[in-house]
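Next come the chains, spelled out residue by residue.
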Amino acid sequence: MPASVQQIVLKVHSRCNLSCTYCYVYESVDQTWKRQPFTFRPATLQRIAERIHEYLSEHRPPALSVVLHGGEPLLAGHDGIAATLAAIRAAAPDGTRLRFGIQSNGILLDDRFLDLFHEYGVRVGVSLDGGRDAHDRHRTFAGGAGSYDRTAAALRTLAEPRHRAIYSGLLCTIDVRNDPVGVYEDLLRFDPPAIDLLLPHGNWTNPPPRPPGAPSYAEWLIAIFDRWYDAPVARTRIRLFESMMYRMLGDASPTESVGGDQAGVVVIETDGSYEQTDSLRTTEDGAAATGLSVDTASLAELAARLDVPSPLAGKCLSCPVLRVCGGGLRAHRWSDGSFTHPSAYCDDLYAIIRHVEQRVAADLGVRV
Ligand code: SF4
């Protein structure tokens, strides 16, 4: 089967209005963002739309997801976001299912943006790391002030019933110094349809933070899993745990955190260059680059080039949870110039996957 494009991550603005300490775009070894224009030039946007039209016309996929990303995408402004959405919608042949999304820190989210997102069916994800103390540990403005109050204000509006159709959920980057159940409860205050729990990016060369005295990532996640799984009424979806369960049942993982390399995701930068998934920026300078752009290659040519899974380490190939874990996120496997290693989160992934397996198996009355 030819490689396909399932999701396009459009970098509509290359800068951010926050200076989060763990940011993989600005604070990691990759510094290529400095060479990017702030936002699309009109000719670049037109070329992107032409490439999308070309792909959709020739390949007729059942659906295509387009996620507006950054930096902070809302910095592109109302007119910039409107122009981008209009250009892409106009590029889609009749009958194409375009699914628009945006990932934002929420600070600039206002009624005008929300009206636009309703008009185009753009589902909004907001980054929130828990309550004020947890969130403001890392998610600060350049001067050091926390951003919780601004993000929380936007979320109170987004959580209103009139916006339910465009509210996709919350993205929480884990800091194991924060109480896990407290973080979970603080996220639930904003009634998210779904929560993404993100392991902070790290690898064997630049290991993830493991503060002395704090629980392991597995212990932290297990505390939330048990709270979520044991709730008498489901209050939200947690994609990381759902991905593990999907893999246990033999289905594809909807997230790239577990299950192996996620094919079909293409990143387009503000200068029109094609890149691979952003998490690779944490490995070495230029690691996400492809050398191709909307001027030099079609989306189908790019997908064929990227459709080469990384070889797995011997330890992964003989691991009893490989079918669920997949070796973890590719960026987390990096060491000594190669991805052929277990994840830097190997012990944590093994422990949380085993725990989820045992809980689900006990409910299904099967042995694992
Ligand atoms: S748990 Fe460790 S060894 Fe097993 S597949 Fe995942 S990363 Fe590889």
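See the structure printed just above.
Residues numbered from 1 in each chain as written. Predicted model: local features only at pLDDT ≥ 70, side-chain atom pairs only at ≥ 80, totals over all residues.

> Describe the nonpolar core, listing the residues and the values that go with them.
Residues C172, L221 and V266 are the most contacted members of the largest nonpolar core, which totals 83 residues. Of all the elements, helix α7 (residues 217-229) adds the most residues to this core, at 7 residues. Judged by nonpolar contacts, the second largest core, of 6 residues, contains L280, A288, L329 and W334. (Core = buried A, V, L, I, M, F, W, Y, C linked by C-beta atoms within 7 Å. Buried ≥ 20, exposed ≤ 12 C-beta atoms within 10 Å, placed from the backbone. Helix = DSSP H or I, 4+ residues; strand = E, 2+ residues; numbered from the N terminus.)

> Describe helix α8 (residues 239-248), and please don't skip the residues or the numbers.
Buried within α8 are the following residues: R239, L240, F241, S243, M244 and R247. Buried-residue contacts for α8 involve β6 (194-198), α7, β7 (237-238), α11 (322-325) and α12 (346-364). Just downstream of α8 lies G250, where phi reads positive at about 90 degrees. (Contact = placed C-beta atoms within 7 Å.)

> For the site of the ligand, give the residues involved together with the corresponding values.
Contacts to the ligand come from 13 residues, most closely from C316, C319, C325, P342 and C346. Only α10 (314-317), α11 and α12 provide two or more residues apiece to the shell around the ligand. Tallied by class, the residues present in the shell around the ligand amount to 9 nonpolar, 3 polar and 1 charged. (Near = placed C-beta within 6 Å. Nonpolar A, V, L, I, M, F, W, Y, C, P; charged D, E, K, R; others polar.)

> So what about the environment of F113? Which residues, and what values?
In this fold, F113 is placed in helix α3 (residues 111-120). With 34 residues separating them in the primary sequence, F113 and D79 have C-alpha atoms 9.7 Å apart. Beyond its immediate sequence surroundings of up to four residues, F113 is in contact with L74, H78 and I81.

> How would you summarise the pairing of strand β8 (residues 265-268) if you had to cite specific residues and measurements?
As paired strands, strand β1 (residues 7-11) and β8 are joined by 4 bridges and run parallel to one another. Paired with L10 across the bridge in β8 is I268. Where β8 meets strand β9 (residues 273-275), 2 bridges bridge the pair, whose relative direction is antiparallel. Residue V267 lies in a different strand from β9, and its bridge partner there is E275. (Pairing = 2+ DSSP bridges.)

> Report on the pairing of strand β5 (residues 167-173), specifying residues and quantitative values.
Of all 7 residues making up β5, 6 are buried, and the element is well covered by its neighbours. In the sheet, strand β4 (residues 122-127) pairs with β5 via 4 bridges, with the strands oriented parallel. Looking across to β5, one finds that V126 is bridged to L170. Examined bridge by bridge, β5 and β6 share 4 bridges and lie parallel to one another. In the strand pairing of β6, L170 is matched with I195. Between the parallel elements β5 and β6, the chain passes through helix α6 (residues 180-188) in a crossover that is right-handed. (Right-handed = clockwise from strand over helix to strand, strands pointing away.)

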